[in-house]
Amino acid sequence: KLFLPVENIELLSRYGSAPDTVMLDTLGSASWQARKSKAKQRLRDMAEQLIKVAAKRALRTAEAVRPPEGAYDEFCARFPYSETDDQLNAIEDVIGDLQSGRPMDRLICGDVGFGKTEVALRAAFIMAMSGKQVAVVAPTTVLARQHFKTFEDRFRGWPIKVRQLSRLVSTKQANSTREEMRNGQCDVVIGTHALLAKTVGFRDLGLLIVDEEQRFGVQHKERLKALRADVHVLTLTATPIPRTLQMALSGIRDLSLIATPPVDRLAVRTYITPWDPVSLREAILRERYRGGQSFFVVPRISDLKRTEEFLEMHVPEVKYVIAHGQMPGSALEDVMTAFYDGQYDVLLSTSIIESGIDIPTANTMIIYRADRFGLAQLYQMRGRVGRSKTRAYAYMTLPEARKVTAGAQQRLKVLQSLDTLGSGFSLASHDLAMRGGGNPLGQEQSGHIKDLGVELYQHMLEEAVASLRDDMVVSDQSWTPQVNLGISVLIPESYVQDLNVRLSLYRRASEIENDAESESFAAEMIDRFGPLRRDVENLLKVMQIKRLCRMAHVEKIDAGPKGAVLTVRHGDVTQPEVIINALQNNMNWKLRPDQTIFVRANMDDERLRISGVIRALKTLVPPAQD
């Protein structure tokens, strides 16, 4: 254990990953410093590249595109639902980006079924009507097919030609689509990874929409980067992968959140249960008798046989159909169409239905061997049900005889806790904490986050980026002043009872940057907890002293009844004449042999001590920073 004075709480940061993977360093050894400095160098290199990327983006121009007058309002009026506030804000953000004259790189993070597709439709309409081409990339053939149907319906009656490019399209059709893309006859093309092939070319690509971004690998994203030198990019996701979330949080990408659920939407009831044929039969039949459909999802194609036998033996009343990724394109197309049209009660499938599928009548989902799926996968699959006003149910089943791994238990626990609407962003934050964030530029997945913890990593990255930007003055946070005044400095338990609230107040006090912020913080404390105690006043004064120490490059202060001793960080002093003038102009100041400064003064009383130290430090602050 290492004890830390509360006034230095800014030195603590939350590690945030699973405790069993943490490597602790022995106190007093240099291994932690070595790890930190190694990470710092790597982060500095990364920050340089990030700044280059950002600078290139800032210098590049893209043609400013404005919504067509009249036609755009008419197109919006065709949306059959009323937009939520967050949805309208996201649409405004996107339109603002398109009009800015700079290439857009925006991440729309909205929960499953919260209307991200409508944001994409409007952006695509504006771009297509301005005469430029739009490409929509989806991770699965089933989702590409659904988007194609949606775009076709919404663009009907407008001079916009929509085409599809995936495994579900015949070779002849695919060839003619590629030809139309090259000569500019096709305005909007919707496809899978097939759109990222080297053989695909565009005449004038203006907007690239990436749906369910978390399903694309690093290489696909590198290929997308090559496509998008001056192309607007709109990325849609409910559960951004840690790297994407980290890039959004560190300001490399713009972020719009859609967190309000559509009107009348109900949360999905989630049950984590051992495999039990009786309750599963009941769940499937209950859905059938209320006129709905069910999904039955398995992790592997080899599991389909066992679940098929279960349906035949225990629920012979229902009609089911099978779908998986290895089926021929035409067969898969027929299966999905038949299920959409309500010809079957149960769709037995692999996780191919995970992304974006929208079947409002399907409101029960059973997941076989839920321990074999990832956190975002489970969340996405649960989002396939409950997309209308009907209450939906999701059953995550576990094997009867086998023990589930600790990781799987943790994932299912997180999933069950996120049972409110709009928790995709919280889930992504859990994922970032559990797995680390990866290198935003290269192919490494967990980077140095595992070594340092999320908070410290993020702070060091921001510091590295800020120090490389000439226009920003960045304070060096690698050291913190030590202040020993021999007075009581704390928020007493009798003043603020709750430990978590006390800790958050300490943290906020440590982040105060000037006297005005300190006064408003004190006013808030008085408002919430009553008149300030002496100890709390002392805490705010010590925080002020620490701010002055940073400006004056004083790393340590020891004060007692007869005066104070100041230790200066010699390597940081930029204006030594300030110290020399202070020593010459103040008779009671003395430079000691160990290069510390002794300030003789009467400091018997707490208040005299605090005011005396503040006066001495103000004398040492260079005029430029005063």
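Our subject is the structure that appears above.
A short tour of the structure in this document, coming up. These figures come from a predicted structure and were not determined experimentally. Each chain carries its own residue numbering, running from 1 in the direction its sequence is written. pLDDT decides what is reported in this predicted model: residues at 70 or higher carry local features, side-chain atom pairs at 80 or more are listed and counted, and totals for whole chains, interfaces and linings draw on all residues regardless. To obtain the side-chain values, all non-hydrogen atoms of the structure were included, while hydrogens and water were left out.

Let's talk about the overall build of the protein
The cut-off we apply is this: A run of H or I in DSSP counts as a helix once it spans at least four residues, and a run of E counts as a strand once it spans at least two, with each numbered from the N terminus. Classification of residues uses two cut-offs on accessible area relative to the type maximum, computed with a 1.4 Å probe and protein chains only: under 20% is buried, over 50% is exposed, and between them is partly exposed. Note on definitions: a residue-residue contact is assigned when non-hydrogen atoms from the two residues lie within 4.5 Å. Exposure was quantified through the Shrake-Rupley algorithm and a 1.4 Å probe, taking into account, for residues, occlusion by the shown protein chains and nothing else.
Of the regular secondary structure elements, the protein holds 21 helices and 18 strands. Counting only residues that meet the buried cut, the protein has 50% of its 626 residues in that class. In the protein, once contacts between residues fewer than 6 apart in sequence are set aside, the share between residues at least 24 apart is 78%. Accessible surface, the protein as shown: approximately 30000 Å² in total, 51% of it carbon and sulfur.

Points about the pairing of strand β1 (residues 105-110)
Rules: Paired strands, as defined in this entry, are two strands with at least two bridges between them according to DSSP.
Taken across its six residues, β1 has six buried, putting it largely inside the fold. Neither face of β1 is left uncovered, since the one carrying Asp105, Leu107 and Cys109 and the one carrying Arg106, Ile108 and Gly110 both have all their residues buried. Here five bridges tie β1 to strand β6 (residues 232-237), and the two strands are oriented parallel to one another. Each residue of the ladder has a partner; that of aspartate 105, found in β6, is valine 233. Alignment of β1 against strand β7 (residues 254-258), held across five bridges, turns out to be parallel. Each bridged residue has a counterpart across the sheet, and for isoleucine 108 the counterpart in β7 is serine 256.

Notes on the nonpolar core
Where a protein is soluble and globular, its nonpolar side chains tend to be buried together. To keep things clear, this is the line we draw: Take the buried residues of types Ala, Val, Leu, Ile, Met, Phe, Trp, Tyr and Cys, join any two whose side-chain atoms come within 4.5 Å, and each joined set is a nonpolar core.
If you look at the biggest cluster of nonpolar residues, it comprises 44 residues, and the most contacted ones within it are Leu485, Ile545, Val554, Ile557 and Val613. In this structure isoleucine 545 touches Val483, Leu485, Ile557, Ile610, Val613, Ile614 and Leu617, once residues within four positions along its chain are discounted. Counting 40 residues, the second largest nonpolar core, distinct from the first, contains Tyr72, Cys76, Leu121 and Val136.

Digging into unusual backbone geometry
Phi at histidine 553 takes a positive value of approximately 60°, unusual for a residue other than glycine. One can find histidine 553 in the loop between α19 (534-552) and β15 (554-560). Here histidine 553 falls in the buried class, since its relative accessible area comes to 13%.

Description of the sheet that holds strand β8 (residues 269-274)
Note the cut-off: Angles run from 0 to 180 degrees between N-to-C directions of axes, and those axes are lines fitted to C-alpha atoms, restricted for helices to the stretch in contact.
The strand order β8-β13-β12-β9-β11-β10 describes an open sheet built from six strands, whose pairing is parallel. The strands lining the two open edges of the sheet, one partner per strand, are β8 and β10 (320-323). Taken over all neighbouring pairs, the strand axes of this sheet differ in orientation by 20° on average, direction set aside. Of the pairings in the sheet, the one linking strand β12 (residues 362-367) to strand β13 (residues 393-398) comprises four bridges and is parallel in character. When the sheet's bridge partners are listed, methionine 365 is paired in β13 with alanine 394.

With respect to the sheet that holds strand β17 (residues 589-591)
Within a sheet, neighbouring strands are paired by backbone hydrogen bonds and run either parallel or antiparallel to one another. Read across the sheet, five strands follow the order β14-β15-β16-β18-β17 without closing on themselves; strand pairing throughout is mixed. Only two strands of the sheet have a single partner each, and these edge strands are β14 (482-484) and β17. Within this sheet the neighbouring strands show an average axis-to-axis angle of 15°, counted without direction. Note that β15 and strand β16 (residues 563-568) share six bridges and pair antiparallel. Paired with aspartate 558 across the two strands is valine 565, which belongs to β16. This element, helix α20 (residues 576-585), spans β16, β17 and β18 (597-600) of the sheet and lies at about 125° to β17. The strands that helix α21 (residues 606-620) touches are β15, β16, β17 and β18; relative to β15, the one it contacts most, it runs at about 150°.

Let's talk about the packing of aromatic side chains
Stated formally: A pair of Phe, Tyr and Trp rings is counted when the ring centres sit within 6.5 Å of each other, with Trp represented by its six-membered ring. The angle between the planes then sorts it: under 30 degrees is stacked, over 60 is edge-to-face, the rest tilted. For a Lys NZ or an Arg CZ to count as sitting over a ring, it must be within 6 Å of the ring centre and within 35 degrees of the ring normal.
Inspection of every chain in the model, using the stated rule, returns twelve aromatic pairs. Here arginine 154 stacks its cationic end above the ring of phenylalanine 75, 4.6 Å away from the centre of that ring. Lying over the aromatic face of tryptophan 275, arginine 306 brings its terminal NZ or CZ to 5.5 Å of the ring centre.

Some points on helix α18 (residues 515-529)
Convention followed: Expected helix span is taken as 1.5 Å per residue step, with the number of steps being one fewer than the number of residues. This arc corresponds to the set of directions leading from the helix axis out to the C-beta atoms. Pairs of N or O atoms are called polar contacts if they sit within 3.5 Å, as long as, within protein, a hydrogen donor faces a hydrogen acceptor (for residues adjacent in sequence, only side-chain-to-side-chain pairs).
Across its 15 residues, α18 extends 21 Å between first and last C-alpha, which sits within 8% of the 21 Å expected from 1.5 Å per residue. Inspection of α18 places Ser518, Phe521, Ala522 and Met525 among the buried residues, and these make up the whole buried set. Buried residues in α18, looked at end-on, bunch into an arc of 100°, giving them a common side. Opposite the packed face of α18, turned more than 90 degrees from it, sit the exposed residues Ala516, Glu519 and Asp527. On its buried face, α18 sits against α17 (499-510) and α19. N-cap assignment for α18: the residue whose side-chain oxygen lies 3.3 Å from the backbone N of alanine 516 is asparagine 514. Immediately downstream of α18, the backbone of glycine 530 shows phi near 100°, a positive value.

Thoughts on the pairing of β15
By the bridge criterion, three bridges tie β14 to β15 in an arrangement that is parallel. Within the sheet, the bridge partner assigned to asparagine 484 lies in β15 and is aspartate 558. Between the end of β15 and the start of β16, which pair antiparallel, lie two residues.

Don't take any of this as a statement about function, it's just geometry.
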